[in-house]
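# Survey of secondary and tertiary structure
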Amino acid sequence: MALLPLCSIYSSEARAETDKGDVAAESASREAAPPGVSIPRDDPDEIVVTADRRGEAKVPAESEFGEDEITAQGADSIQDLLTRFAPFIDGSGEEPVILINGKPAGFDRSILSYPPEALDRLTVLKPEAAAHYGEPAGKRVVNLVLKKNFSMLNADAGFDFATRGGQYGGTLSARRTAISGDTRWNVQARVGADSAFRKTARDIPPQDGVFDRVGFVSGIDGGEIDPALSVAAGRPVTVAAIPAGALAGVPGLDDFAATAGTLHPVDPNRFETLQSSRRTGGLGIGVTRPLGNFSVALSLSVNRNSSEGERGLPMASLLLPAGHPRSPFANDVMLTRPFAGERALRTHNDSTSLGASMTLNGNIGGWQTSVAASYSRNWAENFLESGIDIVRVQRLIDDFDPGFNPYGVWDEGLLIATRNRARNDNLSARLNVRKTVVDLPAGPLVWNLTANTGRNSTQSRQRDASGNWIADDSRMRSQSSGQMSVSVPISRVGAASFGWLGDLNVDLSASAQTMTNSRLQKGFAGSVNWSPWPLVQLRGAIDFAENAPSFDQLDAPIVTTVNRVFDYLRQEIAEPIWTTGGNPDLERGRRQSLTLSATLRPLGDQVLTINLGYRQSVAKGGVTGFPELTPAIEAAFPERVTRDPGGRLVAVDARAINLARETDSTLSTGIALRLPRRRPGGAPMTADPLQYSVSLNHNMRLKNELLTRPGLPAIDQLRAGGQSRHSLSFQASVGKRGFGATLGGSWSSPGRLRGQDEIFIFKPPVALSASAFVELGRLFEIPGKKGLLNDLKLSVDIDDILDGYRRVTREDGTVPAGYTRDEIDPLGRKVRLTLRKKF
């Protein structure tokens, strides 16, 4: 009986991790080959049958990162890994759409906490993938392909500090991850804390005014308090400390004679924090498993954050009239005292969130279906003390209130304070279905439908320091949207007809959105993706959309803080009460944009990539964050700014605003280099090679113009709004299994801002950051023995290596008040050390 020729049936799903050297590399390249690609073998009679790789997406990959490149980054989570790969995914820095093993992640964010070691590969899909999966045009899509079997338990400990001192913090976390085929689960718990960063840690000028920890009486306009007191003291007395006996009883002249000329001054910087102390904690759980022909993912998260800060020693200057029951003086005197000794004004923020989500993926009647639902509840509390209620205290004194002691302990209700409490509930659902309608010669025509719906409710209460009512509010909104898109392949290389055109694909979409108390908003988009040659990919897209504000922009909890800003109107530093949160008065707007881009790969693979892009957008009535408070912005939104009778800046409502028009156009260029060269499908040429990557991106803003309100002059942000025309960023990394390092940096050109009567020049610094890691067990490994250093990784991250800051000068080179080094960026360089142990 004749033997059949040797047959080898190949499937990447049976990927092996075996021998080292060229044999392993060859095997890996075969198993990593994309569908339809056959790797020649020595035996001419051998038959090679290819199959889809495990976890492959329906849209081809534009670039791929294998295990070696992932390991060389030394990232601690997939979230961290995506941040490091951001320059190679999308130069804009926008968060990509996530697929897991080729299926939409939906609302499941637990995948981002998985360790990078769980990944078999990470692929960036071609630009047309966004329309294929029902996402807005232009969004990049990343497919995370997990290993078929994986298990890991690890614990992390981190410590960070400012190199100039004054602030330090730390984190602890533990994580358990397991994958078995299509079933996986992950649990992560973490806690963290940061110390308060006090004003005394830096050379910052103190506030103007008198600060005394006990208090004192003084004569009007600096004159003599009382001739009788001067006689008792034996010398003219213009100031006298509050005697200890005055706290409970009625003081006499002899009591003040004993404290004549005595003051107890303090440094006001002792009672201010530049950054509040912070405490964080969180727990995340995610489970995914098959359910019949479907895959269901469940996730649960609980997070808590709190911060406490101090914002100065509250002082009061009051008129104590002659004849007051507690005044032994014949004349009116000034009483200057702190609220309660060295008790500082306090600020406190506390938030707790609970979230749950479910995502279901499967096939229903030939339709690829993804259903997702999520629910979240958030509790937030914001407490801010802004000073002593001088008017109320003076009234108590003038009324000779017998129960009020001007020298004694004051009730907390005499402080001006606000306490905001809010609860927010959000319920969202999403449905995405897609199907190949017809198989065209160039490929399948895919029709996609996405529907979203959500309901958001917010309840808030505002009280003063005594718990008295200020305001209550309750809102509920619903929002629904839908998008229909079709992806039409026109031509494909090798196709019987029009193959000479190369790969040409057209994506078209139409969308609609409605929200409570808002009429229907419509949107249309179209894009063309053309690759005339394998080395070139061209893309053009147009987009028009009417947009309603988001739930957060409308109903986010109100937060009041004190913000240190430069008041261009008065040419001085101010510390107004700064209000952020939702603005229910926001209106809808519309935006239209044009995007053109080209991607070149001169070497025919992923080694060298050159990107060119142009984007132009015009928004009318769009929602944006409150801009920097310049005279032009204050003139456009005078109702947002509060000043006292003397013109000093007191409060700013910095919630989101609607702009009449915003025009922006940007030209971008980028280059990315990845070494060593790889085989087709992403496999390395040799086993465990040293990995190199370099990216350089440049953005040039051609135009950025704001029209705040009709009838006002437009603001040229590049000439008078302080924005930079050019920005440059780079990242370079080198590494392999066991060690690696990354250096990143950014630079922006100077900007010009027009103040009230002069021009200010903003010079951003060259910002450099570096990170490095080493697996200690590989350095100090003893063959045949396992010790504490095995599976132990040490990481070092340094932010702001050059310890630079944004310099601000006038046109003549002088530095305005409030723009010294410590006032602009007091924290400076920061170092973080992390130990990670795998068990």
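Residues numbered from 1 in each chain as written. Predicted model: local features only at pLDDT ≥ 70, side-chain atom pairs only at ≥ 80, totals over all residues. Heavy atoms only, no water.

Assigned secondary structure in the protein chain consists of twelve helices and 47 strands. By sequence separation, contacts in the protein chain at least 24 residues apart represent 70% of the contacts at least 6 residues apart. Positive and negative charge centroids in the protein chain, built from 95 and 95 side chains respectively, lie 4 Å apart. (Helix = DSSP H or I, 4+ residues; strand = E, 2+ residues; numbered from the N terminus. Contact = heavy atoms within 4.5 Å. Lys, Arg positive; Asp, Glu negative; His and termini not counted. Charge placed at Lys NZ, Arg CZ, Asp CG, Glu CD.)

The subject of this paragraph is the sheet that holds strand β27 (residues 559-562). Taken in spatial order, the four strands of this open sheet run β27-β30-β35-β34, and their pairing is mixed. Among the strands making up the open sheet, the edge pair consists of β27 and β34 (641-643). Going across the sheet, the axis of each strand differs from the next one's by a mean of 15°, ignoring polarity. (Pairing = 2+ DSSP bridges. Axes fitted to C-alpha atoms, helices over the stretch in contact; angles between N-to-C directions.)

Turning our eyes to something else, we now look at the sheet that holds strand β18 (residues 333-338). Reading across the sheet, the four strands line up as β13-β12-β18-β17 and stay open at both edges, with antiparallel pairing between neighbours. Both edges of this open sheet fall to β13 (239-241) and β17 (315-320), since each of them pairs with a single strand only. Between one strand and the next, the sheet's axes are offset by a mean angle of 20°, whatever the strand orientation. Examined bridge by bridge, β17 and β18 share six bridges and lie antiparallel to one another. Counterpart to leucine 319 in the pairing with β18 is methionine 334.

Below, the discussion takes up the nonpolar core. Judged by nonpolar contacts, the single largest core of 27 residues is most densely connected at Val217, Ile225, Val393, Tyr407 and Trp410. Within the residue set of this core, elements represented by two or more residues are α5 (227-233), α6 (253-258), β17, β18 and α7 (390-398). Ranked by residue count, the leading element in this core is β17, at three residues. Here valine 217 is in contact with Ile225, Thr238, Val239, Ala240, Phe256, Phe329, Met334, Leu335 and Tyr407, once residues within four sequence places are set aside. Formed by 26 residues, the second largest nonpolar core is a distinct cluster that contains Ile78, Leu122, Val142 and Ile179. (Core = buried A, V, L, I, M, F, W, Y, C linked by side-chain atoms within 4.5 Å. Buried < 20%, exposed > 50% of the residue type's maximum accessible area, 1.4 Å probe, protein only.)

Moving on to the side chain of serine 195. By secondary structure assignment, the location of serine 195 is in the loop between β10 (183-194) and β11 (197-198). What makes serine 195 buried here is its relative accessible area of 12%.

The next point concerns the side chain of arginine 463. Mapped onto the fold, arginine 463 is located in strand β22 (residues 443-464). Note on arginine 463: relative accessible area 18%, which makes it buried. In this structure the side chain of arginine 463 is engaged in a polar contact, spanning 2.9 Å, whose partner is the side chain of aspartate 472. Among all residues touching arginine 463, those that are not within four sequence positions of it are Ala417, Thr418, Arg419, Asn468, Trp469, Ile470, Ala471 and Asp472. (Polar contact = N/O pair within 3.5 Å; in protein donor to acceptor, adjacent residues only side chain to side chain.)

In this model, helix α3 (residues 78-89) (twelve residues) spans only 14 Å end to end at C-alpha, well below the 16 Å of a helix rising 1.5 Å per residue. Among the residues of α3, Ile78, Leu81, Leu82, Arg84, Phe85, Phe88 and Ile89 are the ones counted as buried. (Expected span 1.5 Å × (residues − 1).)

The subject of this paragraph is the environment of glutamine 394. Locating glutamine 394 in the fold gives a position in helix α7. Note on glutamine 394: relative accessible area 16%, which makes it buried. Note: C-alpha distance between glutamine 394 and leucine 319 (75 residues apart in sequence) is 7.3 Å. The contact partners of glutamine 394, leaving out residues within four places of it in the chain, are Leu318 and Leu319.

Before going further, it helps to spend a moment on the pattern of salt bridges. A side chain of one charge can pair with a side chain of the opposite charge when the charged atoms of the two come close. Taken as a whole and assessed by the stated rule, the structure comprises 52 salt bridges. Its salt-bridge partner being arginine 121, residue aspartate 120 comes within 3.0 Å of it at the nearest N-O pair. Residue class for aspartate 120 comes out buried when judged on its relative accessible area of 12%. For arginine 121, a relative accessible area of 3% puts it in the buried group. The partner of glutamate 342 in a salt bridge is arginine 270, with the nearest N and O atoms 3.0 Å apart. On the criterion of sequence distance, the pair formed by glutamate 342 in the loop between β18 and β19 (346-364) and arginine 270 in the loop between α6 and β14 (273-275) is long-range, its members being 72 residues apart. (Salt bridge = Lys/Arg side-chain N within 4 Å of Asp/Glu carboxyl O.)

The set of residues buried in α7 consists of Val393, Gln394 and Ile397. Summarising the axial view, the buried residues of α7 lie within an arc of 100°, below the 170-degree limit, and thus occupy one face. At its buried positions, α7 is contacted by β17 and β20 (367-388). Just beyond α7, the residue with positive phi is phenylalanine 400, at close to 50°. (Arc of directions from axis to C-beta.)

Turning to a nonpolar patch on the surface, a few remarks are in order. A cluster of nonpolar side chains, contributed by Trp185, Leu283, Ile285, Val287, Leu300, Val302, Leu354 and Trp379, occupies part of the molecular surface with about 610 Å² of accessible area. When residues of the nonpolar patch are traced back to their parent elements, those giving at least two are β15 (277-291) and β16 (294-310). Sorting elements by how many residues they give to the nonpolar patch places β15 first, with three residues. (Patch = residues over 30% accessible without salt bridge, like charges linked within 9 Å, V, L, I, M, F, W, Y side chains within 5 Å. Areas by Shrake-Rupley, 256 points an atom, 1.4 Å probe, with all protein chains shown as cover.)

If you walk through the whole model with that rule in mind, you get 13 aromatic pairs. Ring geometry for phenylalanine 65 and phenylalanine 88: centres 6.1 Å apart, planes at 70°, overall edge-to-face. Of the two residues, phenylalanine 65 is situated in strand β3 (residues 61-66) and phenylalanine 88 in helix α3; the sequence distance between them amounts to 23 residues. For the pair phenylalanine 65 and phenylalanine 88, one class covers both residues: buried. A network of ring pairs unites the aromatic residues Phe566, Tyr568, Phe760 and Tyr819 as a single cluster. (Phe/Tyr/Trp six-rings, centres within 6.5 Å; stacked < 30°, edge-to-face > 60°.)

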